[in-house]
Amino acid sequence: MIKGDDRMIRKATMADAERVNELRKTVNDIHVEGRPDIFKPGFGQEIRDHVMNYIDQENNEILLSEQNGEIRGMMMLDWIDRPENAYNLARKFCHVAEIAVDERFRRMGVGKELMEGAKAECRKRGVRRIELDVWAFNDALAFYEAEGFTVFRRFMEYEIDEA
């Protein structure tokens, strides 16, 4: 947990699940709008239940940005420890699965606070790398670049004509 002034970064509990899902729905809606050919509209029970895979789990967690008791944003993290195989060296890293900031608190440093919370947790766990993936349509790309993230892999697509 990181504290400063009346703000804090803390780990989510089951009591936070509903608010976390409110924020996650905003991320889902951005994806549906950006790629309706891939993402399903709505925010069904299976998607809502996914949050339970992150709360009180060893390899997953949700960080919350809170001020005066109000949750302003959240970040879902995966702690990945991949053993060496025929193709790759062993590696440990933190994967940012989802990040969302309430519209009312955007451009106020909430995302940066969450990222600092993730970095602090990485240091505590001895993890030296944070990875994430972002869709090309997502405005969050500028935020990630401002935070110092760089491209190390690209996914590309080619649409086949019906002719």
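Our subject in this report is the structure included herewith. (Residues numbered from 1 in each chain as written. Predicted model: local features only at pLDDT ≥ 70, side-chain atom pairs only at ≥ 80, totals over all residues. Heavy atoms only, no water.)

1. A few points about the state of the cysteines
Working step 1: As enumerated under the stated definition, the model contains 0 disulfides in all.
Working step 2: Here Cys 94 is not cross-linked by a disulfide; its sulfur's nearest cysteine counterpart is in Cys 122, at 4.2 Å. (Disulfide = S-S within 2.5 Å.)

2. Observations concerning the layout of surface pockets
Working step 1: In this structure, the largest pocket spans a volume of roughly 1400 Å³.
Working step 2: Together, 35 residues line the largest pocket, and Leu 132, Asp 133, Val 134, Phe 152 and Arg 153 are the ones closest to its centre.
Working step 3: Of all the secondary-structure elements, those providing two or more residues to the lining of the largest pocket are β4 (70–82), β5 (91–101), α3 (110–125), β6 (130–132) and α4 (140–146).
Working step 4: Classifying every residue of the lining of the largest pocket by side-chain character gives 17 nonpolar, 4 polar and 14 charged.
Working step 5: Taken as a whole, the second largest pocket holds about 1200 Å³ of empty space.
Working step 6: Lining the second largest pocket are 40 residues, with Val 27, Ile 99, Asn 138, Ala 140 and Tyr 144 sitting closest to its centre.
Working step 7: Those elements that place two or more of their residues in the lining of the second largest pocket are α1 (17–34), α2 (45–49), β5, α3 and α4. (1 Å grid on protein atoms, 1.4 Å probe; cavity = no way out; pocket = protein on both sides within 12 Å on 5 of 7 lines; lining within 4 Å. Points joined across faces, edges and corners; volume = space filled by probe spheres on them. Helix = DSSP H or I, 4+ residues; strand = E, 2+ residues; numbered from the N terminus. Nonpolar A, V, L, I, M, F, W, Y, C, P; charged D, E, K, R; others polar.)

Treat this as a map of the structure, not an account of what it does.
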